[in-house]
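# Coordinate analysis (summary)
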Amino acid sequence: MSQITHNGKPITTYGHLPEKGERAPHFELLKSDLSVATLQDFKGKRVIMNIFPSIDTNVCATSVNNFSDRAADLENVTVLNISRDLPFAQERFKKENGVDNVVNLSDFRERNFGKDYGLEIIDGPLEGLLSRVVIVLDENGKILHTEQVKEIGQEPNYLEALKPLL
């Protein structure tokens, strides 16, 4: 289990993130049309997995916009925004904010992603949501970078996440 904080108070996640150099675990998440997306769907693409508690919070929204803007000029890069928000809320945000170069995915139905990736929050006021994490993958699903933000109300380190893709 990993310790992070929410407003300075300790909270715990389900396990530990997969490590740099490992293959990313398989996932099945819902797209905005309620069809299933898997890790295999992104084979051949370099991937930024921007994982967060809820699209309807300021820091989460900022990270979506930031990764969208910063990755727009990178070759063969797909940004996956992953949360437990309903796909409808994710799609609404995307349309309202003109963020069209990202893929929103939801873990609300199966709820396995957070456990398989070791980042589900298991106590405190955000229990059941996903912690703020960035995982960067190469074209074959190998992990190039991970960051679990220690204080959930802070933004990830965008520059460190993008370094392996430059």
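Preceding this paragraph is the structure being described.
Residues numbered from 1 in each chain as written. Predicted model: local features only at pLDDT ≥ 70, side-chain atom pairs only at ≥ 80, totals over all residues. Heavy atoms only, no water.

## Re the pattern of salt bridges
Under the criterion given, the structure shown has 6 salt bridges. Through salt bridges that share partners, Arg84, Asp107, Lys115 and Glu120 make up one connected network. (Salt bridge = Lys/Arg side-chain N within 4 Å of Asp/Glu carboxyl O.)

## Quick word on unusual backbone geometry
Non-glycine residue Asn76 carries a positive phi angle of around 60°. Residue position: Asn76 is located in the loop between helix 1 (58–71) and strand 6 (77–83). Within the chain, Arg111 stands out as a residue other than glycine whose phi angle is a positive 60°. Here Arg111 is to be found in the loop between strand 7 (102–106) and helix 3 (113–116). The class for Arg111 is partly exposed, based on a relative accessible area of 33%. (Helix = DSSP H or I, 4+ residues; strand = E, 2+ residues; numbered from the N terminus. Buried < 20%, exposed > 50% of the residue type's maximum accessible area, 1.4 Å probe, protein only.)

## Side note on the nonpolar core
Of all hydrophobic cores here, the largest spans 21 residues; its most connected members are Phe27, Met49, Ile51, Ile82, Phe113 and Tyr117. Mapped onto this core, the elements with two or more residues apiece are strand 5 (46–51), strand 6 and strand 8 (133–137). The residues touching Phe113, leaving out its near neighbours within four places in the chain, are Phe27, Leu29, Met49, Ile51, Ile82, Asp107, Leu119 and Leu130. The next biggest cluster of nonpolar side chains, apart from the first, holds 20 residues, and it includes Ile55, Val99, Ala161 and Leu162. (Core = buried A, V, L, I, M, F, W, Y, C linked by side-chain atoms within 4.5 Å. Contact = heavy atoms within 4.5 Å.)

## Some points on the pairing of strand 2 (residues 9–12)
Judged from the 4 bridges that link them, strand 1 (residues 3–6) and strand 2 form a sheet pairing that is antiparallel. Along strand 2, the bridge assignment pairs Thr5 with Pro10. Between strand 1 and strand 2, which follow one another and run antiparallel, lie 2 residues, and Asn7 among them has a positive phi close to 55°. (Pairing = 2+ DSSP bridges.)

## Observations regarding the packing of aromatic side chains
Counted under the stated rule, the structure contains 3 aromatic pairs. Note on Phe27 and Phe113: the rings are 5.9 Å apart at their centroids and 80° apart in plane angle, and the pair reads as edge-to-face. Taken together, the residues Phe27 in the loop between strand 2 and strand 3 (28–30) and Phe113 in helix 3 connect sequence positions 86 residues apart. No difference in accessibility class separates Phe27 from Phe113, as the two residues are buried. Taken together, a centroid distance of 5.0 Å and an interplanar angle of 70° make the contact between Phe67 and Tyr158 edge-to-face. Of the two residues, Phe67 is situated in helix 1 and Tyr158 in helix 4 (residues 158–162); the sequence distance between them amounts to 91 residues. Of the two residues, Phe67 and Tyr158, neither departs from the other in class, the shared state being buried. Ring pairing ties together the aromatic residues Phe27, Phe113 and Tyr117, which thus form one cluster. (Phe/Tyr/Trp six-rings, centres within 6.5 Å; stacked < 30°, edge-to-face > 60°.)

## Digging into the pairing of strand 7
Of all 5 residues making up strand 7, 4 are buried, and the element is well covered by its neighbours. Relative to strand 7, strand 6 runs parallel, the two sharing 5 bridges. Bridge pairing links Val79 to Val102 in strand 7. Running through helix 2 (residues 87–97), the crossover from strand 6 to the neighbouring parallel element strand 7 is right-handed. (Right-handed = clockwise from strand over helix to strand, strands pointing away.)

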